[in-house]
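What follows is the residue order along each chain.
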Amino acid sequence: MTTTAIVSALHEELAAVLELMPDERQQVVGGRSFWRGHLHGHDVVAVLSGIGKVAAATTATSLIERFGVQSIVFTGVAGGLGDGVNVGDVVVAQRFLQHDMDASPIFPRHEVPGYGRATFEADAVQTARLASASALVLSALPSQLGADVLTTFGLQAPRCHQGLLISGDRFVATTAESQALRDVLPDALAVEMEGAAFAQVCHDYGVPLAVVRTISDRADDAAHVDFPRFLREVARRYSSAIIETLLRKK
Ligand code: ADE
């Protein structure tokens, strides 16, 4: 049986995933807790990614080297960058880029030295499955979240977007910085702090990766207010529902 890694960016998300696993056992590697068990009959390892690209890369490496996972699914939140990528929407990544990678003028800006490229791809098959699970969850969302939560966050018609996800070791919390990112990377749909690191490690090992991010803020001057509120009240409900839908369908 193949083993799937379920990686959560947030404690709340991991707790919701662990609630779906009847038999999880904890194993600590590199100071990080990995939870081995089953979810809807699938052999899974669930783990918290840690924040930032280094934590993400060591987590991905442990999952592959120590736990032998054959695919990785990552859920978390992100700041929306693209036009129309709003709080409560979902972004399923097709490509990843490290927006703070810059070895210019030796290499072109954003290119990862040694790879001859700036972007890494998500696995097309896993990503299509994740996108359809996400769309299904979004369509059922209004009946799962209370009317007050829907109104507070303006979640009336959340959308599922697919495209470029960018990562860097910075929480983007000013309108000036998000505009600067939009100027240099006009295709970017959303920004977070781990996805592109997972993508590079998965590329190195040939392990398929799929990433879904719920938009918690617009990476602007209001991000520091919107982000924690969204985490408390909405985020974990999205990710556990998406994971459950994904694994139930498989
Ligand atoms: N994750 C969620 N919101 C984010 C932001 N604004 N910047 C970076 N990572 C994020």
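Residues numbered from 1 in each chain as written. Predicted model: local features only at pLDDT ≥ 70, side-chain atom pairs only at ≥ 80, totals over all residues. Heavy atoms only, no water.

Caption draft 1: Up close: the site of the ligand. Neighbouring residues of the ligand: 13 residues in total, closest Gly79, Phe171, Val172, Glu192 and Asp217. In the environment of the ligand, a nitrogen atom lies 3.3 Å from a nitrogen or oxygen atom belonging to the backbone of Gly79. In the model, a nitrogen atom of the ligand is placed 2.8 Å from a nitrogen or oxygen of the Val172 main chain. A total of 260 Å² of accessible area belongs to the ligand in isolation, and the protein chains cover 96% of it. Among the elements of the structure, β5 (71-80), β9 (188-192) and β10 (209-217) are those that each provide at least two residues to the shell around the ligand. Residues of the shell around the ligand, tallied by class, amount to eight nonpolar, two polar and three charged. (Near = heavy atom within 4 Å. Polar contact = N/O pair within 3.5 Å; in protein donor to acceptor, adjacent residues only side chain to side chain. Areas by Shrake-Rupley, 256 points an atom, 1.4 Å probe, with all protein chains shown as cover. Helix = DSSP H or I, 4+ residues; strand = E, 2+ residues; numbered from the N terminus. Nonpolar A, V, L, I, M, F, W, Y, C, P; charged D, E, K, R; others polar.)

Caption draft 2: Molecular detail of the nonpolar core. With 75 residues, the main nonpolar core has Leu63, Ile72, Phe96 and Phe198 as its most contacted residues. For this core, the element with the highest residue contribution is helix α7 (residues 223-249), accounting for ten residues. With near-sequence residues (within four places) excluded, Ile72 lies in contact with Ala5, Val7, Leu63, Ile64, Phe198, Cys202, Val207, Pro208, Leu209 and Ala210. Counting ten residues, the second largest nonpolar core, distinct from the first, contains Leu164, Val172, Ala188 and Ala219. (Core = buried A, V, L, I, M, F, W, Y, C linked by side-chain atoms within 4.5 Å. Buried < 20%, exposed > 50% of the residue type's maximum accessible area, 1.4 Å probe, protein only. Contact = heavy atoms within 4.5 Å.)

Caption draft 3: Representation of helix α6 (residues 195-205) within the structure. With eight of eleven residues buried, α6 lies mostly within the body of the structure. Residues of α6 that are buried include every one of Gly195, Ala196, Ala197, Phe198, Ala199, Gln200, Val201 and Cys202, and no others. Looking at the residues trailing α6, positive phi occurs at Gly206, about 65 degrees.

Caption draft 4: How the structure looks around the packing of aromatic side chains. Throughout the structure, instances matching the rule amount to three aromatic pairs. The interplanar angle of 75 degrees and the centroid separation of 5.1 Å between the aromatic rings of Phe74 and Phe198 together place this pair among those described as edge-to-face. Of this pair, Phe74 sits in strand β5 while Phe198 sits in helix α6; the two residues are 124 residues apart in sequence, bridging distant segments of the chain. For the pair formed by Phe74 and Phe198, the shared burial category is buried. (Phe/Tyr/Trp six-rings, centres within 6.5 Å; stacked < 30°, edge-to-face > 60°.)

Caption draft 5: The pairing of strand β8 (residues 160-167), seen in detail. Of all eight residues in β8, six are buried; the element is thus mostly enclosed. Across four bridges, β8 lies against β9 in parallel orientation. Bridging from a neighbouring strand, Leu165 pairs with Ala190 of β9. (Pairing = 2+ DSSP bridges.)

Caption draft 6: Looking closely at the packing of helix α2 (residues 53-65) against α6. Axis separation between α2 and α6 bottoms out at 8 Å; the angle between their running directions is 30 degrees. When you trace α2 past α6, the crossing you get is right-handed. Of α6, the residues touching α2 (which contributes Lys53, Ala56, Ala57, Thr59, Ala60, Thr61, Leu63, Ile64 and Glu65) are Ala197, Phe198, Val201 and Tyr205. Classifying every residue of the contact of α2 with α6 gives nine nonpolar, two polar and two charged. (Axes fitted to C-alpha atoms, helices over the stretch in contact; angles between N-to-C directions. Left-handed = near helix turned anticlockwise from the far one by under 90°.)

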